[in-house]
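Spelled out from the first residue to the last, the chains are:
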Amino acid sequence: MDFGAVFQTDPPSSRVVQLAQLAEHHGFGHVWTFDSHLLWQEPYVIHSAILAATRKVTVGPFVTNPATRDWTVTASVFATLNEMYGNRTICGIGRGDSAVRVTNGAPSTLKTLRESVEVIRELGNSRAVDYRGSTLRFPWSTGSSLEVWVAAYGPKALELTGQVADGYILQLADVDIARWMIQAVRDAADNAGRDPMSVKICVSAPAYVGPDVAHQREQSRWFGGMVGNHIADIVDRYGSAGAVPQALTDFVAGRTGYDYNTHGRSGNDHVDFVSDEIVDRFCVLGTAQDHIDKLTALKDLGVDQFAAYVMHDSKEETLRQYGEIVIPALHEHVLARG
């Protein structure tokens, strides 16, 4: 299992770069950042600084979208960074959440998402692509390599992911729900004639290592509110029975609204509907051994990467415990299984 660290691009940007360096030092293979240009600083500028300050980590947005970013500009960013730093970028993409909603916009359609994945991936891999009636290619780009991973929850989005994505991003760490979502993506890939195991699986959630679980819950409760936004959209579209696991639709029943001005922050004041049980299920909390146990269960489902949201008041200590205890234990688990 690989490990990613997800950060918000709050100022000062030098702090984000330092955390990325620390993540690499502790054995994380990916560094991801939010992409919501009004709520946080511009990520792609900071990505360049992270790549310059590190040696091996792969860097990308978690996640971008086709609405606020021109697809060809997005692809050009990745191809340029790859030329500068040696194919160390990755593109996480979804329909759009805070970046579009904070300006009263709406998430992109699945058709638009599908088309954007094709355009960004082809151009980002130094290949030609048809775009709005023209054949485009970066004449200056050779040898660029870029994977595009899609974030999804709903049945149609999961189907699209299995059909076209290089990887699947699931933003919650509940083992039972993850099993259902992963199987949906694998089935879609199989039905599309792809090798189901060719789609890499990334589960992401807040990770906080320490003994005070009650405090960890309060620092992580915001995540349930973020997930609730996506699930509420699915319930509005499909109803509350059958489209997604009942545990998810039941969880958003008490949701009354959401303020994007405190999106992704521990001080979020409108997540009272998120119970302690949901926080425990969706996040990875507790001692290092608690993390090892939960991540081992996710690894056994076929999860290739766990991306830890490190957005709380114990960033350095959590990264340290992952580097010294959790990551080595998961590697030993893999070796033990042969």
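Below or above, wherever it landed, is the structure these notes cover. Just so it is clear, the structure is predicted and the values come from calculations on it, not from any experiment.

**What about the packing of aromatic side chains?**
Part 1: This model, assessed by the stated rule, comprises 15 aromatic pairs.
Part 2: Each ring, one from Phe-62 and one from Tyr-309, has its centre 5.9 Å from the other, and the planes form 80°; the classification is edge-to-face. Linking Phe-62 in the loop between β3 (58–61) and α3 (71–85) with Tyr-309 in strand β10 (residues 305–309), this pair joins segments that are 247 residues apart in sequence. A single burial state applies to Phe-62 and to Tyr-309, both of which are buried.

**What about the side chain of Thr-54?**
Part 1: Tracing the sequence through the fold places Thr-54 in the loop between α2 (43–53) and β3.
Part 2: We classify Thr-54 as buried; its relative accessible area is 8%.
Part 3: Among the polar contacts made by the side chain of Thr-54, one reaches the main-chain carbonyl oxygen of Ile-50 at a distance of 2.7 Å.
Part 4: Excluding residues within four positions of it along the chain, Thr-54 makes contact with Ala-20, Gln-21, Glu-24 and Arg-88.

**Details of the pattern of salt bridges**
Part 1: All told, the structure shown has 16 salt bridges when counted by the stated rule.
Part 2: Among the salt bridges present, the one from Asp-166 reaches Arg-121, with a minimum N-O distance of 3.1 Å. Of this pair, Asp-166 sits in the loop between α6 (155–164) and β8 (167–170) while Arg-121 sits in helix α5 (residues 110–124), and the two are 45 residues apart along the sequence. Like Asp-166, the residue Arg-121 is buried in the burial classification.

**Considerations on unusual backbone geometry**
Part 1: Cis geometry is adopted by the peptide bond preceding Pro-12, which originates at Pro-11 and carries an omega value of 0°.
Part 2: Relative to the helices and strands, Pro-12 resides in the loop between β1 (2–7) and α1 (13–25).
Part 3: The residue after Phe-62, namely Val-63, is reached through a cis peptide bond having omega 0°.
Part 4: Among the structural elements, Val-63 can be located in the loop between β3 and α3.
Part 5: Here the phi dihedral of Asn-104 falls at roughly 65°; this positive angle occurs in a residue that is not glycine.
Part 6: Relative to the elements of secondary structure, Asn-104 occurs in the loop between α4 (98–101) and α5.

**Some points on α3**
Part 1: End to end, α3 covers 21 Å across 15 residues, agreeing with the expected 21 Å (1.5 Å per residue, within 8%).
Part 2: Buried residues belonging to α3 abut α2, β3, β4 (91–93), α5, β5 (129–131) and β6 (134–136).
Part 3: Where α3 ends, the next residue or the one after it, Gly-86, has phi of about 85°, a positive value.

**Describing the nonpolar core**
Part 1: One finds Phe-223, Phe-282, Phe-306 and Tyr-322 to be the most contacted residues of the largest nonpolar core, which totals 85 residues.
Part 2: At 7 residues, the largest contribution of residues to this core is made by helix α7 (residues 175–191).
Part 3: In contact with Phe-282, not counting residues within four places along its chain, are Leu-172, Ala-173, Asp-174, Ile-177, Ala-205, Phe-223, Gly-224, Val-227, Leu-248, Phe-251 and Lys-294.

**Considering the sheet that holds β1**
Part 1: Taken in spatial order, the 8 strands make up an open sheet running β3-β2-β1-β10-β9-β8-β7-β4, and their pairing is parallel. Only two strands of the sheet have a single partner each, and these edge strands are β3 and β4. Averaged over neighbouring strand pairs, the angle between their axes works out to 25° when direction is ignored.
Part 2: In this structure, β1 lies alongside β10, joined through 5 bridges in parallel fashion. Each bridged residue has a counterpart across the sheet, and for Ala-5 the counterpart in β10 is Ala-308.

**A word on helix α12 (residues 288–300)**
Part 1: The first and last C-alpha atoms of α12 sit 18 Å apart over 13 residues, in line with the 18 Å expected at 1.5 Å per residue.
Part 2: Two residues or fewer past α12, Gly-302 is found with a positive phi of approximately 105°.

**Let's talk about the side chain of Arg-88**
Part 1: Within the element layout of this structure, Arg-88 appears in the loop between α3 and β4.
Part 2: The charged side chain of Arg-88 is buried without a salt bridge, its nearest counter-charge being Glu-24 at 4.6 Å.
Part 3: A polar atom in the side chain of Arg-88 sits 2.6 Å from the side chain of Thr-54.
Part 4: Aside from chain neighbours lying at most four places away, what touches Arg-88 is Leu-51, Thr-54, Arg-55, Lys-56, Val-57, Thr-58, Val-59 and Asn-82.

**Notes on the pairing of strand β7 (residues 148–151)**
Part 1: On β7, burial covers both faces: Val-148 and Val-150 on one face and Trp-149 and Ala-151 on the other are all buried.
Part 2: In this structure, β4 lies alongside β7, joined through 3 bridges in parallel fashion. Residue pairing for β7: Gly-92 is matched across the bridge by Trp-149.
Part 3: Sheet topology places β7 next to β8; 3 bridges connect them, and they run parallel. Bridging from a neighbouring strand, Trp-149 pairs with Gly-167 of β8.
Part 4: In terms of handedness, the path from β7 via α6 over to β8 forms a crossover that is right-handed.

Conventions and cut-offs
- Each chain has its residues counted from 1, following the order in which its sequence is written.
- Where totals are concerned, whole chains, interfaces and linings use all residues; where local detail is concerned, this predicted model gives features only for residues with pLDDT of at least 70, and gives and counts side-chain atom pairs only at 80 or more.
- Note: side-chain values were computed over all heavy atoms of the structure, leaving out hydrogens and water.
- Two rings belonging to Phe, Tyr or Trp (six-membered ring only in the last case) form a pair when the distance between their centres is within 6.5 Å. Interplanar angles under 30 degrees mark stacking, angles over 60 mark edge-to-face geometry, and anything in between is tilted.
- Secondary structure counts use DSSP, requiring at least four H or I residues in a row for a helix and at least two E residues in a row for a strand, with both numbered from the N terminus.
- Exposure is judged per residue with a 1.4 Å probe applied to protein chains only, and the accessible area is read against the type maximum: over 50% gives exposed, under 20% gives buried, and values in between give partly exposed.
- For this analysis, a polar contact is any N or O atom pair within 3.5 Å, provided that within protein one partner can donate a hydrogen and the other can accept it, and provided that sequence-adjacent residues contribute only side-chain to side-chain pairs.
- Residue contacts are counted whenever heavy atoms from the two residues lie within 4.5 Å of one another.
- When a carboxyl oxygen of Asp or Glu lies within 4 Å of a side-chain nitrogen of Lys or Arg, that pair is called a salt bridge.
- Helix span, as expected, comes to 1.5 Å for every residue beyond the first.
- Among buried residues, the Ala, Val, Leu, Ile, Met, Phe, Trp, Tyr and Cys ones that are joined through side-chain atoms within 4.5 Å form a nonpolar core.
- Two strands pair if DSSP finds at least two bridges between them.
- Angular values range over 0 to 180 degrees, each being the angle between N-to-C directions of two axes fitted as lines to C-alpha atoms, with helices fitted over their stretch in contact.
- Under the convention used here, Asp and Glu are negative, Lys and Arg are positive, and both His and the chain ends fall outside the count.
- The handedness of a crossover follows from its direction of travel: if, with the strands pointing away from the viewer, the path from the first strand over the helix to the second runs clockwise, the crossover is right-handed.

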